[in-house]
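Descriptive structure summary
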Amino acid sequence: MFDLNSNNNILRSEPVLDEAEKMLIRQVGSTAHYAKGQIIFATGDISDRVYLIESGWVKIYRLSADGRRVTVGSIRSPGEMMGLAETLVGAERTCFAGAINDVAMVVMTKNKFEELMTRQPMLAIKVAKLLGARMREAEANIHEMVCWQAPGRLALMLIKMGERMGVQSKGGIKINLQLTHEEIANMVGTSRQTVTSLLNTFKQEQSIVYEGRAIRIVNPVKLAKWVI
């Protein structure tokens, strides 16, 4: 059984940049804006940039053989960095990054970022820890896909989204990120029909409520019981 308290390190395990570290990055980078739906980078692109998200959310995905967008990484949120691993090793991009809504970010060239890490070793250590945390998260995601049924994967995804980007209130945790059922299905490795059915089940048991296209988690403990 999944426990919200004992597994909090799984829900948010990434080291977070502090404001001083963000300011160092802003000083060597330039600001870029991407409209909702715009591609930030694509499979096959040269990996010569790293990014610090200032506002908005970005999804990392690949295209399946039948053209579906399959999410392969966590949704990147404000304050997070992205594009690190491939840039640091000098490999081509293997994924797409797309703006879920309007996004502003700081963009740095590989050379400037490496120079910054040379001058600021504590930032380099933070980046190493960040990459290690994401490797652990990727391993956990593979385990979930292999060992857990769709209800557990979907429930955990909602809990993670609520913890990372939800707005806490007396009425619960509102996830303002408005994703389609198809997008959610691509994130948890199931069909759109299954996601629709499961969300209706969560609603009927009063774990969640709909607010337009947004979802509010009203009973996270009950929702967590699906994560087994």
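Computed from a predicted structure; not experimentally measured.

**Overview of the sheet that holds strand S4 (residues 58-63)**
- Read across the open sheet, the 4 strands follow the order S2-S7-S4-S5; overall the sheet is antiparallel. Where the open sheet ends on each side, the last strands, each with one partner, are strand S2 (39-41) and strand S5 (69-71). Averaged over neighbouring strand pairs, the angle between their axes works out to 45 degrees when direction is ignored.
- Here S2 runs beside strand S7 (residues 96-99); their pairing, made up of 2 bridges, is antiparallel. Looking at S7, one finds that Ile39 is bridged to Gly98.

**Quick word on the confidence of the model for the chain**
- Looking at the chain as a whole, the pLDDT averages 87, with 93% of positions reaching at least 70.
- Mean pLDDT across the secondary structure elements of the chain bottoms out at helix H1 (residues 8-11), with 40, and peaks at strand S1 (residues 30-34), with 98.
- Contacts of residues 1-12 to residues separated by more than four positions or lying in other chains number 22 contacts, the stretch itself having pLDDT below 50.

**Considering the packing of helix H2 (residues 19-28) against helix H4 (residues 110-119)**
- Contact pair H2 / H4: the axes reach a minimum separation of 10 Å and the direction vectors enclose 140 degrees. It follows that H2 is oblique to H4 by the angle criterion. Between H2 and H4 the crossing geometry is right-handed. For the pair formed by H2 and H4, the contact residues are Leu24, Ile25 and Val28 on the first element and Lys112, Leu116 and Arg119 on the second.
- When the residues that make up the contact of H2 with H4 are grouped by side-chain class, the tally is 4 nonpolar, no polar and 2 charged.

**Comments concerning helix H5 (residues 121-147)**
- Compared with the 39 Å implied by 1.5 Å per residue over 27 residues, the 39 Å span of H5 between its first and last C-alpha is a close match.
- On its buried face, H5 is in contact with H2, strand S6 (81-82), helix H3 (84-89), H4 and helix H6 (150-165).

**Re the side chain of Lys126**
- Considering the arrangement of structural elements, one finds Lys126 in helix H5.
- For Lys126, a relative accessible area of 17% puts it in the buried group.
- Dropping the residues within four chain positions of it, Lys126 is found in contact with Pro15, Val16, Leu17, Asp18 and Glu21.

**Looking at the sheet that holds strand S8 (residues 103-109)**
- As summarised here, the arrangement of the 4 strands in space is S1-S8-S3-S6, forming an open sheet in which the pairing is antiparallel. Unpaired on one side and paired on the other, S1 and S6 mark the two borders of the sheet.
- Relative to S6, strand S3 (residues 49-55) runs antiparallel, the two being bridged by 2 bridges. The residue bridging Tyr51 from the neighbouring strand is Met82, located in S6.
- Against the sheet, H4 engages S3, S6 and S8, with an angle of about 80 degrees to S8.

**Thoughts on unusual backbone geometry**
- Despite not being glycine, Gln206 has its phi angle at roughly 65 degrees, a positive value.
- In this structure, Gln206 sits in the loop between helix H8 (192-204) and strand S11 (208-211).
- Here Gln206 falls in the exposed class, since its relative accessible area comes to 56%.

Criteria and cut-off values
- Residues numbered from 1 in each chain as written.
- Predicted model: local features only at pLDDT ≥ 70, side-chain atom pairs only at ≥ 80, totals over all residues.
- Heavy atoms only, no water.
- Pairing = 2+ DSSP bridges.
- Helix = DSSP H or I, 4+ residues; strand = E, 2+ residues; numbered from the N terminus.
- Axes fitted to C-alpha atoms, helices over the stretch in contact; angles between N-to-C directions.
- pLDDT = per-residue confidence, 0-100.
- Contact = heavy atoms within 4.5 Å.
- Parallel < 35°, antiparallel > 145°, perpendicular 65-115°, else oblique.
- Left-handed = near helix turned anticlockwise from the far one by under 90°.
- Nonpolar A, V, L, I, M, F, W, Y, C, P; charged D, E, K, R; others polar.
- Expected span 1.5 Å × (residues − 1).
- Buried < 20%, exposed > 50% of the residue type's maximum accessible area, 1.4 Å probe, protein only.

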